[in-house]
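Secondary and tertiary structure notes
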Amino acid sequence: MSSFFSYRNEKFKSYFAVILALIWPFLHYYSHNFYQIGSKERQVILVTFLVLLVLTSMFLFFINSVKVINKHFFKISTFLVFAIVLTFQFGFLRQNFPAYDKYIYILLLLSLLLFSLKFSGKKMTELVIIFALVPVASSLSGVIYKEFTNKKIDPFSGRYEDLGLKLKQERNVYYFILDGYSGELGLRKILNYDNSNFYKKLKKQKFKILDKSFANYPTSFMSISSALNMNYHVKEGVRKDKTREKFGKLLQGQNQSVLTFKNLGYQYIHFSNKFWKLSKCRFNYDICLPEIYTKEGLSGSLGSFYNHEFRNTFIGMTPLLGLINKVVSKNTLGDDVIPNNGIKYLNKWINDNVDNTKKPFFMFAHTFAVHQPYVYSKGCGVRKDADMKPPNNDIEAYLNEVSCMNNDILSLVETIEKRDPNAIIILQGDHGSETNLQLSKHPLSEWSDNDILERYSIFNAVKAPKECKNKFYNSMSPVNTLRGVLSCLSDKDLNNLEDQYYYAAYENMENFEVVEVVKRIKKLFLDK
């Protein structure tokens, strides 16, 4: 056994190559999600790696100890290196060749098997090590760089200024992001859906419906972060970034609005929806509300990570995602899926805790209210086949979710009215629906006018004191929302920025660009 662990032993070199190949996907995932992964997630990654390491080592030691197959050790280990790398590249095949991903994977796997059987051996060992070492070194350098720069550099340093505000009146502020909730124009003109009854009920609760509101950006990470920062941080003339990671801090509490509220003596309550690590609790919060999924299969934070984030990102790199989604969905989705949208959970928390919470407070909650997974079936029963990513173009499912979720939203509003009647409440979509698969189109010239209307038109409703209603106008965009709230609460009017609308790619980050679409939106929808 000791001779096996000598680097001069050619079999150990092959074993070393396999371990390098196994290390790579974990380093790659960690590097690309560095700002989104907390300590518990690191533990999950480490445990998963150690389990796979032990299993792989046991398999190779078994091969080495059985005389019948011992002579094929180099062929098997070489194929294992190629198979690990290919398996963790399956996500690329799924994204680019969705109809043929499995067939391409099997064909490539068989080709690599034939190559390993024909060419592997002692002379190939060094080349295989280099093949495995290059991606490991690349990912490791990325982790090291981010580890050091993360402690020294604020991605938006210099933007958090003291606005010199003095509190004029104390009111709790609830800012609910309803992810993917389209506005009146998008629902009526594109999806042929009449939402007027919902609006009437909100108006009875003294809400003002901003029915010509459009998102500043068509993607969550830019739309929400700019709203919280009360500024345009991505626009024409600004350096183009090829990663979403830098937006994490803005979404996680390190932004102009949170720091301004805290300077005014407010507590900050942050709700993390647990589906999207970019919006998790991280900075400046006094209360974090993350524990929603403790009854789903595995328990606590570890369970929610495996069930959602880990399942759809890390495991999504492999062919196992489809199988695991089916198994997990069958085992974990039932009556307990309802809190996943966040609205019912927040309703209960506010009802039970608002009287005992130090005031005043600013609550920010990014909910998946009408976003996948669609948790409601027809008649607003619980869906048994809910999945993280059902088709975006399933219009019937989307509109059913809107209809059912409206009841939950109205119940939430009634609870706040009962428990906290003087509060300011914002109900706002971060972008509209995507039933024509707009985000798969690039560049903007491929978007039709209807594509723009559906994706940019957002639901936006504000309940504020009567004397502040004029601070919220019908075409107000999210970047000005909290400017209006702070102007209402303080002794100074914060000047609104000009409402601008930009286009940027989402997943196709190598073609990340920002293009002004304000002229098309104004011409088509606002100037009429």
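Use the structure listed above.
Residues numbered from 1 in each chain as written. Predicted model: local features only at pLDDT ≥ 70, side-chain atom pairs only at ≥ 80, totals over all residues. Heavy atoms only, no water.

Right, let's get into the packing of aromatic side chains. Under the defined criterion, the tally for this structure stands at 25 aromatic pairs. Plain terms: the ring middles of Phe82 and Phe115 are 5.9 Å apart, the flat faces sit at 65 degrees to each other, and that makes the pair edge-to-face. On the criterion of sequence distance, the pair formed by Phe82 in helix α4 (residues 73-87) and Phe115 in helix α6 (residues 101-119) is long-range, its members being 33 residues apart. The exposure class of Phe82 is buried, given its relative accessible area of 11%. Residue class for Phe115 comes out partly exposed when judged on its relative accessible area of 33%. Members of the aromatic cluster, joined through ring pairs, are Tyr181, Phe198, Tyr199 and Phe459. (Phe/Tyr/Trp six-rings, centres within 6.5 Å; stacked < 30°, edge-to-face > 60°. Helix = DSSP H or I, 4+ residues; strand = E, 2+ residues; numbered from the N terminus. Buried < 20%, exposed > 50% of the residue type's maximum accessible area, 1.4 Å probe, protein only.)

A surface patch of nonpolar side chains, amounting to about 460 Å² of accessible area, comprises Val47, Val51, Val54, Leu55 and Met58. Looking at the element boundaries, Met58 is found in helix α2 (residues 39-65). Residue class for Met58 comes out exposed when judged on its relative accessible area of 53%. (Patch = residues over 30% accessible without salt bridge, like charges linked within 9 Å, V, L, I, M, F, W, Y side chains within 5 Å. Areas by Shrake-Rupley, 256 points an atom, 1.4 Å probe, with all protein chains shown as cover. Salt bridge = Lys/Arg side-chain N within 4 Å of Asp/Glu carboxyl O.)

Within the structure shown, the criterion is met by seven salt bridges. Here Arg419 and Asp355 are joined by a salt bridge, their closest N and O atoms 2.6 Å apart. Placement of Arg419 in helix α16 (residues 395-419) and of Asp355 in the loop between α15 (343-353) and β5 (361-367) is noted, with a sequence separation of 64 residues between them. According to the relative accessible area criterion, Arg419 is partly exposed, its value standing at 29%. Between Glu396 and Lys378 there is a salt bridge whose closest N-O contact spans 2.8 Å. In this pair, Glu396 sits in helix α16 while Lys378 sits in the loop between β5 and α16, placing the two residues 18 residues apart along the sequence. Judged by relative accessible area, Lys378 falls into the exposed class, the value being 65%.

What follows covers unusual backbone geometry. Of note, the amide linkage connecting Lys359 to Pro360 takes the cis form, showing an omega dihedral of 0 degrees. Tracing the backbone shows Pro360 in the loop between α15 and β5. Residues other than glycine seldom take positive phi values, yet Asn284 does so here, at roughly 65 degrees.

Pairing within the open sheet is mixed, and its seven strands lie in the order β2-β7-β6-β1-β5-β3-β4. Because the sheet does not close on itself, it has two edges, and the strands there are β2 (208-209) and β4 (287-289). Strand direction decides the pairing type here: strand β6 (residues 424-428) and strand β7 (residues 460-463), joined by four bridges, are antiparallel. If you follow Ile425 over to β7, its bridge partner there is Lys463. (Pairing = 2+ DSSP bridges.)

In terms of burial, β6 is a largely internal element, five of the five residues being buried. Of the two faces of β6, the one lined by Ile424, Ile426 and Gln428 and the one lined by Ile425 and Leu427 are each fully buried.

Moving on to a positive patch on the surface. Residues Lys200, Lys201, Lys203 and Lys204 make up a contiguous surface patch of positive charge. Counting through the fold element by element, Lys203 comes out in helix α9 (residues 196-204). (Lys, Arg positive; Asp, Glu negative; His and termini not counted. Charge placed at Lys NZ, Arg CZ, Asp CG, Glu CD.)

Moving on: the pairing of β5. If a strand is regular, its side chains alternate between the two faces of the sheet. Among the seven residues that make up β5, seven are buried, leaving the element largely enclosed by the rest of the structure. Here β5 shows two buried faces, one formed by Phe361, Met363, Ala365 and Thr367 and the other by Phe362, Phe364 and His366. The pairing of strand β1 (residues 173-178) with β5 spans six bridges and is classified as parallel. For Val173, the partnering residue across the bridge sits in β5 and is Phe362. Relative to β5, strand β3 (residues 267-271) runs parallel, the two being bridged by five bridges. Note that in β5 the partner of Phe271 across the bridge is Ala365.

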